[in-house]
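Remarks on the overall topology
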Amino acid sequence: MYEGIAASRGIGIGAVCRIEEHDLTFDMHQVEDVAAEKQRLHDAVKRFKEETTEMAEDVRKRIGPKEAAILEGHLEMISDPAMVGEMDKMIDSRQCAEAAATAVCDMFINMFSSMSDELMNQRAADVRDIKTSILKLLLGIEDIDISKVAPGTVLVARDLTPSMTSQIVKENVAGIITEIGGKTSHSAILARALEIPAVLSVPGILDQVHDKDTAIIDGTEGQVFINPEGDVLSTYIRKREDYIRKQGELRKFYGKDTVTADGKKLELFCNIGTPKDAKKAMECDGEGIGLFRSEFLFMNSSHLPSEDEQFEAYKEAVETMQGRAVIIRTLDIGGDKDIPYLHLKKEDNPFLGFRAVRYCLKNADAYKVQLRAIMRASAFGKVKIMLPLVTVVDEIRAAKALVADIAKDLEAEDIDFDRNIEVGCMIETASASLIADKLAKESAFFSIGTNDLTQYTMSVDRGNPHVAYLYSAFQPSVLRSIRNIIKAANEAGIPVGMCGEAAADPLMIPLLIAFGLDEYSVNPVLVLTARCIISKWSVEEAKALADKVMELDTEKEIVDLLKASAKEL
Ligand code: PEP
Ligand code: MG
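Overview of the structure. Just so you know, the residues in each chain are numbered from 1, in the order the chain's sequence is written. Chains carry letters and ligands carry numbers; both start at the beginning, A for chains and 1 for ligands, and go up in the order they are written. Per-residue local features of the predicted model are confined to residues with pLDDT of at least 70, and side-chain atom pairs are confined, for both listing and counting, to 80 or more; whole-chain, interface and lining totals are unaffected and use all residues. Side-chain numbers come from the whole structure's heavy atoms, not from hydrogens or water.

Quick word on the overall build of the protein chain
Inclusion rule: Secondary structure elements are defined from DSSP: runs of H or I of at least 4 residues count as helices, runs of E of at least 2 residues count as strands, and each element is numbered from the N terminus. Throughout, radius of gyration means the C-alpha value; the globule benchmark is 2.2 Å times the number of residues raised to the power 0.38. Partly exposed describes any residue whose relative accessible area lies between the buried limit of under 20% and the exposed limit of over 50%, with all areas from a 1.4 Å probe on protein chains only and scaled to the type maximum. By definition in these notes, contact holds between two residues if any of their heavy atoms fall within 4.5 Å. Charge counting follows a simple rule: Lys and Arg are positive, Asp and Glu are negative, and His as well as the terminal groups are ignored. Just so you know, the charge point we use is NZ for Lys, CZ for Arg, CG for Asp and CD for Glu.
Each helix and strand in the protein chain was counted, giving 23 helices and 17 strands. Since a compact globule built from 569 residues should have a radius of gyration of about 25 Å, the 25 Å found for the protein chain is in line with a globular shape. Overall, the C-alpha framework of the protein chain stretches about 80 × 70 × 45 Å when taken along its three principal axes. Counting over 569 residues, the protein chain shows a buried share of 52%. In the protein chain, of all internal contacts separated by at least 6 residues, the share reaching a separation of at least 24 is 68%. Each charge class in the protein chain was averaged separately, 68 positive and 93 negative side chains, and the resulting centres sit 4 Å apart.

Some words on the site of ligand 1
Quick note on the threshold: Distances are taken per atom, and a residue is near a molecule or strand as soon as one of its heavy atoms is within 4 Å of it. Polar contact criterion, stated in full: a pair of N or O atoms within 3.5 Å, where within protein one must be able to donate a hydrogen and the other to accept it, and residues adjacent in sequence count only if both atoms are side-chain atoms. Only the protein chains shown count as cover for residues, and all accessible areas are computed by the Shrake-Rupley method using a 1.4 Å probe.
Near ligand 1 you find 14 residues, and of these Arg 293, Arg 329, Gly 449, Asn 451 and Arg 462 are the closest. Asp 452 places a main-chain nitrogen or oxygen 3.0 Å from an oxygen atom of ligand 1. Between ligand 1 and the protein, one listed contact pairs an oxygen atom with a side-chain N or O atom of Arg 462 at 2.8 Å. Protein chains shield 99% of the accessible area of ligand 1, which is 290 Å² for the free molecule. Of all the secondary-structure elements, those providing two or more residues to the shell around ligand 1 are β11 (289-293) and α18 (450-458). In terms of residue count, α18 provides more of the shell around ligand 1 than any other element does, 3 residues in total.

Remarks on the coordination of the magnesium ion (ligand 2)
What counts is decided by this rule: Metal coordination here is assigned from N, O and S atoms located within 2.8 Å of the ion, or within 3.2 Å for Na, K and Ca; omission of water means that sites may look incomplete.
Distances from the magnesium ion (ligand 2) to its protein donors, Glu 428 (OE) and Asp 452 (OD), fall within 2.0 to 2.2 Å. Here the residue Glu 428 occupies a position in the loop between β14 (422-427) and α16 (430-434), and Asp 452 occupies one in helix α18, the gap between them amounting to 24 residues. The exposure class of Glu 428 is buried, given its relative accessible area of 2%.

Some details on the layout of surface pockets
Rules: Here a cavity denotes a set of grid points, spaced 1 Å apart and computed over the protein atoms alone, in which a 1.4 Å probe fits but from which it cannot get out, and a pocket denotes an open set meeting protein on both sides within 12 Å along at least five of seven lines; residues with an atom within 4 Å of a point are reported as lining. Grid points are joined across faces, edges and corners, and a volume is the space filled by probe spheres set on the points. Gly falls in the polar group here, along with every residue not listed as nonpolar (Ala, Val, Leu, Ile, Met, Phe, Trp, Tyr, Cys, Pro) or charged (Asp, Glu, Lys, Arg). Boundaries between domains were set according to an automatic or database domain assignment.
There is about 750 Å³ of room inside the second largest pocket. What lines the second largest pocket is a set of 32 residues, among which Ala 125, Arg 128, Asp 159, Thr 161 and Ile 180 lie closest to the centre. Mapped by element, the contributors of at least two residues to the lining of the second largest pocket are α5 (118-139), α6 (162-165) and α7 (186-194). It is α5 that provides the largest number of residues to the lining of the second largest pocket, a total of 12 residues. When the residues that make up the lining of the second largest pocket are grouped by side-chain class, the tally is 10 nonpolar, 12 polar and 10 charged. Composition of the lining of the second largest pocket by domain shows at least three residues from each of domain 1 (2-21 + 144-237) and domain 2 (34-139).

Regarding the packing of aromatic side chains
Defined as follows: Centres within 6.5 Å are what make two rings of Phe, Tyr or Trp a pair, Trp counting through its six-membered ring; a difference in plane orientation under 30 degrees is then read as stacked, over 60 as edge-to-face, and the rest as tilted. A positively charged side chain is recorded as over a ring if its NZ (Lys) or CZ (Arg) lies within 6 Å of the ring centre. The angle to the ring normal must also be within 35 degrees.
Following the criterion strictly, the structure yields 5 aromatic pairs and no others. An angle of 65 degrees between the planes, with centres 5.5 Å apart, marks the rings of Phe 354 and Tyr 359 as edge-to-face. Here Phe 354 falls in the partly exposed class, since its relative accessible area comes to 36%. Taking the relative accessible area as the measure of exposure, Tyr 359 reaches 11% and is therefore buried. Positioned above the aromatic ring of Phe 445 is the side chain of Lys 384, whose terminal nitrogen or guanidinium carbon lies 5.4 Å from the ring centre. When the ring centre of Trp 537 is taken as origin, the NZ or CZ atom of Lys 567, which lies over that ring, is 4.6 Å away.

Some details on the sheet that holds strand β4 (residues 153-157)
Heads up, the condition is: Note: two strands are recorded as paired if DSSP finds a minimum of 2 bridges between them. Axis lines are fitted through C-alpha atoms, for helices just across the contact stretch, and the angle between N-to-C directions can take any value from 0 to 180 degrees.
The strand order β1-β8-β7-β3-β4-β5-β6-β2 describes an open sheet built from 8 strands, whose pairing is mixed. Looking at the sheet topology across the chains shown, the edges are occupied by β1 (2-3) and β2 (5-8). Contacting β2, β5 (173-178) and β6 (198-200), α7 runs over the sheet at an angle of about 50 degrees to β2. Of the strands in this sheet, β3 (11-19), β7 (214-218) and β8 (223-226) are in contact with helix α9 (residues 232-250), which crosses β3 at around 115 degrees.

Right under this line is the structure:
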């Protein structure tokens with residue numbers, strides 16, 4: 001058995017098709033005819049653009065706009081005059097087109113990968129993909145046509161580039177295994193969109209398999225079996241049937257209210273990162289947006305987005321949601337999220353540093369641009385403002401004062417906005433949790449960010465594998481914190497949601513029901529699963545379980561009891 005990253009859920013069984021890496025070595029030489037060499041490069045770039053445009057259109061139709069945007073991003077990069085301009089300059093100094101394309105792409109790859117940020121690393125992967133495609137065109141190398149693979153094929157590759165993935169015919173590909181790539185890599189995003197089970201980052205797998213080997217992929221657990229022995233195959237055939245049946249049953253929850261077994265109505269919202277994701281939230285039957293991570297707007301740009309650029313993005317999400325609530329979180333940068341053009345100073349402890357609402361309040365002019373854009377978007381639906389990383393009451397007061405100032409300006413300028421726009425805060429620090437009663441007096445709502453709450457409660461860097469064993473929202477301290485926050489909100493009579501990953505965890509859901517959580521905000525693809533699990537628990541039954549859980553001393557005891565008490569989907 002091989003293990004990797006569980007990137008796209010489900011069980012896939014099929015015959016291996018290895019996707020070999022091409023040999024892209026070329027003869028480095030000085031060119032005589034500079035003009036002809038430039039023409040050769042420009043022809044390759046033109047063909048690359050044509051093919052990518054075609055693929056993007058096809059992906060938009062077959063898969064969706066978000067996935068097409070990956071290819072459109074490639075087009076944007078190669079259309080940047082700086083890129084081909086630099087290559088031309090190198091040809092001017094008599095380098096061949098292949099050498100020019102390689103050197104310029106490598107420069108961008110090094111620049112992007114030197115930034116310790118997943119999004120920037122993804123950009124590096126994009127440029128790598130562009131480089132490979134241009135070199136293939138220059139060297140006349142034809143790719144294997146993935147669109148022609150037989151039904152029941154398991155693709156095994158070092159990495160699946162977006163251009164390869166976009167050719168996948170969903171009906172024919174039973175699974176995907178790669179040697180590199182994480183949960184947020186493009187291969188993962190596309191695999192999930194196509195609902196093809198995928199396990200990524202399985203080291204050396206390409207050398208372990210032959211074409212036509214039988215492969216089993218468990219995309220939920222991140223496991224791969226090659227030529228399985230004994231009863232492994234029959235076990236997984238059963239598991240696959242089970243999975244498909246359960247997925248079918250989940251469809252019954254589409255269009256239904258989110259209610260516990262004894263009829264308590266709850267809200268089931270979605271977490272999104274871009275305005276386009278709002279469409280996905282609607283398709284997946286989300287009842288609103290519980291967290292719009294606005295920083296992606298800033299990270300996908302080379303400059304501070306203007307008020308109008310932000311307004312258009314927020315408005316798009318708000319209009320897509322057709323009157324359902326959209327909670328927009330103001331800029332949450334710093335920590336693991338860097339934005340190069342803001343030139344944030346390097347800090348020894350970035351997670352404890354000058355970030356999120358702390359940075360925004362000290363840069364009030366830029367913050368007001370964002371708040372104004374959000375408030376203008378509030379004229380088009382039901383918008384709420386949410387502050388990240390709050391630790392003291394002053395922060396919410398200061399943000400509300402800015403909102404009040406902007407409201408006056410908008411009135412004076414006769415610009416429409418929701419005069420009752422709510423300002424709430426994320427409760428994701430130990431401090432906020434301990435003063436939840438005080439914050440509740442100032443906030444219109446709470447949303448618990450368990451990803452950070454766990455980090456700050458446990459004193460565990462959420463990205464550090466050495467201390468990952470302590471990073472669990474099921475630790476007794478984190479559970480107490482969650483319970484206290486919900487209690488404070490309930491007592492103050494304000495709604496309380498959760499937008500951290502724990503909100504969708506089947507083991508956590510009964511505890512949240514017991515504690516009295518009102519709103520669950522989850523990844524769109526998990527809406528129906530969460531609704532199904534909520535429907536299985538009555539408040540009384542959940543409370544009985546929570547009482548036992550809260551008596552236990554260790555995370556392991558808690559998880560074991562929750563697993564033993566879990567309901568079948
Ligand atoms: C959280 O901290 O739980 C959260 C939802 O925010 P992020 O993961 O963006 O920090
Ligand atoms: Mg957070």
